[in-house]
Amino acid sequence: MSQKPRNSRILQAAEAKKSAAGPKPSRTTGLGRVIIAVYGILALAATVRAVYQIVSKFDEAPEAYVLSLISGLIYFVATFSLSSAKPHAWLVSLWAVSIELAGVLVVGTLSLTHPEIFAHPSVWSGFGEGYGYIPLVLPIVGLWWLYRNRSERHS
Amino acid sequence: MIVMNGFFIAGAIVCAVALLVAVIATAIRRHPDDWALVGAIATEVFLIVYGIAAAIRQAGGKAVAGDPIEFWGYFITALIMPPIAFFWAVSEKSRWSNAVLAASSLVTFVMLFRMEQIWQ
């Protein structure tokens, strides 16, 4: 089990600073592993599917498929930044996760109000219904997790 | 068709048992449970057998109903997940390693379901 002192932010910050040199930050352990794993699965699924769609039927809906590819790549960015111990990884994660949340909300809403634009499925249409609404839930969980590990922001 | 349905039922059972064991292990263990790890190995072995069977059938001239590229895309994606979950679970001793294994089994089942849809 982790030795993280739960109630001292100073000690946590000190530990986070130390860990920037080598050991992994606490956001990559415990429950963080599950979150990163789900991000990785989603990144893989969305990217592979988008590549397949672009290769096999790009002409049918170029916007939707390019959007799917971009969202897949953002999931990859989030996967790696969440698991990275590098100095700016926390901030990169915040950006990636926030873009995902904005994307799923905007595209999800648009796919309901303007279904003709999103006749072809993308990861975010219907608030991610094609992926069990994981694209909607995951960024919220991710933001909460980043907030819980906010001491790593400046590590 | 019947053979693949048999495969699907077998795969669903393997994934379901692996998922159940991993969920229970998440609840009661504070380290990666041996049986949860065996579950990941079992799903991987099943996928390999499924892939070989699918390759033999397609080589024998029985094409899938959907797009074969899509089918094999799903297959390869499914195939690389259990090993990643396995080695990742082994590399950290916490209850959440079991949850990662559970997620892997669940996704394997979804992939299998999609492959079966493409097949028929």
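Keep in mind it's a predicted model, so treat the numbers as computed, not measured. Counting of residues starts from 1 at the beginning of each chain's written sequence and follows it residue by residue. Chain labels run from A onward and ligand labels from 1 onward, assigned in the order the entries are written. Only residues with pLDDT of at least 70 are given local features in this predicted model, and only at 80 or more are side-chain atom pairs given and counted; all residues enter the totals for whole chains, interfaces and linings.

Observations regarding the overall build of chain A
Segments assigned H or I by DSSP are reported as helices when at least four residues long, segments assigned E as strands when at least two residues long, and all are numbered from the N terminus. Within chain A, the regular secondary structure consists of five helices and zero strands. Put simply, chain A runs from its N terminus to its C terminus through helices and strands in the order α-α-α-α-α. Between the buried cut of 20 or more and the exposed cut of 12 or fewer other C-beta atoms within 10 Å of a residue's own C-beta lies the partly exposed class, and all C-beta atoms are placed from the backbone. Put simply, chain A has 155 residues, and 41% of those count as buried. Within chain A, contacts between residues at least 6 apart in sequence are counted, and of these 62% link residues at least 24 apart. Any pair of residues counts as being in contact when their C-beta atoms, constructed from backbone geometry, are within 7 Å of one another.

Here's the deal with the UniProt feature "transmembrane region" (unreviewed entry) in chain A
All names here are of chain A. UniProt positions are given in the numbering used here, feature names are shortened, and annotations may be inferred rather than shown by experiment. According to UniProt, the feature "transmembrane region" (unreviewed entry) maps to residues 34-52, 64-82, 89-110 and 130-147 in the numbering used here. With 100% helix and 0% strand, the stretch residues 89-110 has end C-alpha atoms that lie 31 Å from each other. Span residues 130-147 is 78% helix and 0% strand, its end C-alpha atoms 28 Å apart.

Focus: the environment of A:Leu101
Residues and elements named next belong to chain A. Structurally, the position occupied by Leu 101 is in helix α4 (residues 89-113). For the pair Leu 101 and Ile 140, spaced 39 residues apart in sequence, the C-alpha to C-alpha distance is 7.2 Å. Among residues more than four places away in sequence, those in contact with Leu 101 are Pro 139, Ile 140 and Leu 143.

A word on the interface of chain B and chain A
At the interface, 17 residues of chain B touch 14 residues of chain A. Elements represented by at least two residues in the side of chain B that touches chain A include exactly α3 (68-90) and α4 (96-119) of chain B. Ranked by residue count, the leading element in the side of chain B that touches chain A is α3(B), at seven residues. Residue type decides the class: Asp, Glu, Lys and Arg count as charged, Ala, Val, Leu, Ile, Met, Phe, Trp, Tyr, Cys and Pro as nonpolar, and the leftover types, Gly among them, as polar. Of the residues that constitute the side of chain B that touches chain A, the class distribution is nine nonpolar, four polar and four charged.

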